[in-house]
Amino acid sequence: MAENEKETLVRADHVKVYFKGKSRKDGTVKAVDDVSLDIRKGETFGVVGESGCGKSTLGRTLIRLIDPTDGHIYLNGEDISKLKGADLKAMRRKMQIIFQDPSACLNPRRTVRQILMEPFEIHKMDKDQDVEARIMELLQLVGLDSYHLSRYPHELSGGQKQRIGIARALALKPDLIVCDEAVSALDVSVQAQVLNLLQELKQKLGLTYFFISHNLNVVYQVSDRVGVMYLGKMVEIADYDQLYEKRYHPYTEALLSAIPQVNQEDRKERIHLEGEVPSPTDPPSGCRFHTRCPKACDRCKAEEPALREIAPGHLVACHLYDA
Ligand code: SF4
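Residues numbered from 1 in each chain as written. Predicted model: local features only at pLDDT ≥ 70, side-chain atom pairs only at ≥ 80, totals over all residues. Heavy atoms only, no water.

Colleague: How should the packing of helix α5 (residues 131-141) against helix α6 (residues 158-170) be read in this particular structure?
Modeller: When two helices pack together, their arrangement is captured by the angle between the axes and the distance separating the axes. It is at 9 Å that the axes of α5 and α6 come closest, and there the two elements cross at 135 degrees. Comparing their axes, α6 and α5 come out oblique. When you trace α5 past α6, the crossing you get is right-handed. Contact residues: α5 offers Arg134, Leu138, Leu139 and Leu141, while α6 offers Ile164, Ala167 and Leu170. (Axes fitted to C-alpha atoms, helices over the stretch in contact; angles between N-to-C directions. Helix = DSSP H or I, 4+ residues; strand = E, 2+ residues; numbered from the N terminus. Parallel < 35°, antiparallel > 145°, perpendicular 65-115°, else oblique. Left-handed = near helix turned anticlockwise from the far one by under 90°. Contact = heavy atoms within 4.5 Å.)

And the structure:
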């Protein structure tokens, strides 16, 4: 089946996430501003962008760890944006998250066994007959052994801690896993091992990932499709192959030019973006990228470009490609 014929697992429809500042003077942070996308069953949808662009907020909103301010989120066609109480808890079994810092998200006072038992306790499944066998299975899936069960997080390496974080996310057999900078805190050699493990698990268990990283190189290694975010907006979405072949948005072009290339013929002149990322409390008018875009014109300052399909499956928000 072609990638674009796969069934949609999650759909974000004009999702906005605004946070109010502590005082009126602080204004409203428009962390995610009118983002629409589909995540297809069995794919890895990678999201890349500079820190503060809203990618982590988007990932957490898709799995309802953060409430959307506006818009809708669908899981297997069901609108989950307003779920509360028991319905929300039941839905959470299907969507899990792996965090960036495994040290911060594992309780230091609990053993590995107790940590892996947590999801079963939360969903009142810890007395189920097969829970012990399931914990052993989880350990094996992430390449650890039974003797790790009695260890505390401080007795594990960074890579082992992240493997426990992955095992915990897998415990309830979710459909979607949000990987939020899941390898960013690890050494480069360990990063590769954990990325390989995530790929193996995806194949073996038929998982779908929403893979968030500030590092386009890492996103490229694992993604079937890639979304590029800038200041709360999705500015380009395309298949991995399409984006590698041809990217249209000037921001994507600049991000890609920063990836070191081994082959001489693949090397491109690095595009240095001027200036800082503007504040999401007071984003620039028109195209949000116009204050840093080397190709900006007057229209860019006044009119916001819509995200539109300019080649099959390739969406771009930029006036340069208006018909
Ligand atoms: Fe640059 Fe204008 Fe395109 Fe925005 S719309 S990316 S400012 S050329």
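Colleague: Is there a simple way to think about the sheet that holds strand β9 (residues 225-230) in this case?
Modeller: Backbone-to-backbone hydrogen bonds pair the strands of a sheet. The strands run either parallel or antiparallel. If you trace the 8 strands from one edge of the open sheet to the other, you get β6-β7-β8-β3-β9-β10-β12-β11, paired in mixed fashion. Looking along the sheet, the strands with just one partner apiece sit at the ends: β6 (95-98) and β11 (308-311). Between one strand and the next, the sheet's axes are offset by a mean angle of 25 degrees, whatever the strand orientation. Sheet strands touched by α6: β6 and β7 (176-180). Its angle to β6, the strand with the most contacts, is close to 175 degrees. (Pairing = 2+ DSSP bridges.)

Colleague: Help me out: how do you make sense of the side chain of His314 in this one?
Modeller: For His314, the location among the structural elements is in strand β12 (residues 314-316). Residue classification places His314 among the buried residues on the basis of a relative accessible area of 2%. Setting aside its immediate chain neighbours within four residues, His314 contacts Glu236, Ile237, Ala238, Gln242, Leu243, Lys246, Tyr248, Arg308 and Glu309. (Buried < 20%, exposed > 50% of the residue type's maximum accessible area, 1.4 Å probe, protein only.)

Colleague: I keep staring at the packing of aromatic side chains and nothing clicks. Help me out?
Modeller: By convention here, two paired aromatic rings are described through the distance between centres and the angle between planes. One pass over the structure, following the stated rule, counts 8 aromatic pairs. With a centroid separation of 5.4 Å and 50 degrees between ring planes, the pair formed by Tyr220 and Tyr244 is classed as tilted. Note that Tyr220 is positioned in helix α8 (residues 216-222) and Tyr244 in helix α9 (residues 240-245), a separation of 24 residues in sequence. For the pair Tyr230 and Phe289, a centre-to-centre distance of 4.9 Å together with 75 degrees between the ring planes defines the contact as edge-to-face. Within this pair, whereas Tyr230 is found in strand β9, its partner Phe289 is found in the loop between α10 (250-257) and α11 (298-302), the two being separated by 59 residues in sequence. Considered together, Tyr230 and Phe289 belong to a single accessibility category, that of buried residues. (Phe/Tyr/Trp six-rings, centres within 6.5 Å; stacked < 30°, edge-to-face > 60°.)

Colleague: I keep staring at the environment of Val235 and nothing clicks. Help me out?
Modeller: Assignment of secondary structure puts Val235 in strand β10 (residues 233-239). Residue Val235 is classed as buried on the basis of its relative accessible area, which comes to 7%. On a C-alpha basis, the gap between Val235 and Gly71 in space is 18 Å, while along the polypeptide they are 164 residues apart. Setting aside anything within four residues of it in sequence, one finds Val235 in contact with Val228, Tyr230, His249, Tyr251, Leu307, Leu315, Val316 and Ala317.

Colleague: What's the story with the state of the cysteines in this structure? I'm lost.
Modeller: By definition, a disulfide is the covalent link that joins the sulfur atoms of two cysteine residues. Summed over all chains, the structure comprises 0 disulfides. Here Cys179 is not disulfide-linked; the sulfur of Cys105 is the nearest cysteine sulfur, at 12 Å. According to the relative accessible area criterion, Cys179 is buried, its value standing at 0%. (Disulfide = S-S within 2.5 Å.)

Colleague: Hey, could you run me through α6 in this one?
Modeller: Think of an α-helix as 3.6 residues a turn; residues three or four steps apart then line up on the same face. Taking 1.5 Å per residue as the helical rise, α6 with its 13 residues ought to reach 18 Å, and the 19 Å between its terminal C-alpha atoms agrees with that figure. Buried residues of α6: Gly159, Lys161, Gln162, Arg163, Ile164, Gly165, Ile166, Ala167, Arg168, Ala169 and Leu170, and no others. Here the buried face of α6 lies against β6, α3 (102-105), α4 (112-122), α5, β7 and α7 (188-205). (Expected span 1.5 Å × (residues − 1).)

Colleague: So what exactly am I meant to see when it comes to the site of the ligand here?
Modeller: For the ligand, the set of nearby residues contains 13 residues, the closest of which are Cys287, Cys293, Cys300, Cys318 and His319. Of the residues assigned to the shell around the ligand, the class counts are 9 nonpolar, 3 polar and 1 charged. (Near = heavy atom within 4 Å. Nonpolar A, V, L, I, M, F, W, Y, C, P; charged D, E, K, R; others polar.)

Colleague: For this particular structure, what's the right way to read the nonpolar core?
Modeller: Across soluble globular proteins, nonpolar side chains have a tendency to be buried as a group. The biggest cluster of nonpolar side chains holds 59 residues, and the ones touching the most others in it are Phe120, Ile164, Ile166, Leu170 and Leu216. Ranked by the residues each element gives to this core, the list is headed by α7, at 6 residues. Each residue touching Leu170, except ones within four places of it in the same chain, is listed here: Arg134, Leu138, Leu141, Val142, Ile177, Leu201, Leu205 and Leu207. (Core = buried A, V, L, I, M, F, W, Y, C linked by side-chain atoms within 4.5 Å.)

Colleague: Is there a simple way to think about the packing of α4 against α6 in this case?
Modeller: Contact pair α4 / α6: the axes reach a minimum separation of 8 Å and the direction vectors enclose 30 degrees. By the criterion of interaxial angle, the relationship of α4 to α6 is roughly parallel. For the pair α4 and α6, the crossing hand works out as right-handed. Judged by residue contacts, Val112, Ile115, Leu116, Glu118 and Pro119 of α4 engage Ile164, Ala167 and Arg168 from α6. When its residues are assigned to classes, the contact of α4 with α6 shows 6 nonpolar, no polar and 2 charged.

Colleague: Any chance you could explain the pattern of salt bridges here in plain terms?
Modeller: Side chains carrying opposite charge are able to pair once their charged atoms draw close together. Enumeration over the complete set of coordinates arrives at 21 salt bridges. Between Arg288 and Asp33 there is a salt bridge; the shortest N-O distance is 2.4 Å. Here the residue Arg288 occupies a position in the loop between α10 and α11, and Asp33 occupies one in strand β2 (residues 28-40), the gap between them amounting to 255 residues. Residue classification places Arg288 among the buried positions, given a relative accessible area of 9%. Given a relative accessible area of 6%, Asp33 falls into the buried group. For Lys55, the salt bridge identified is with Glu181, shortest N-O distance 3.9 Å. Taken together, the residues span a long stretch of sequence, with Lys55 in helix α1 (residues 55-62) and Glu181 in the loop between β7 and α7 at a distance of 126 residues. Where salt bridges share partners, they join Arg110, Glu118, Glu121 and Arg168 into one cluster. (Salt bridge = Lys/Arg side-chain N within 4 Å of Asp/Glu carboxyl O.)

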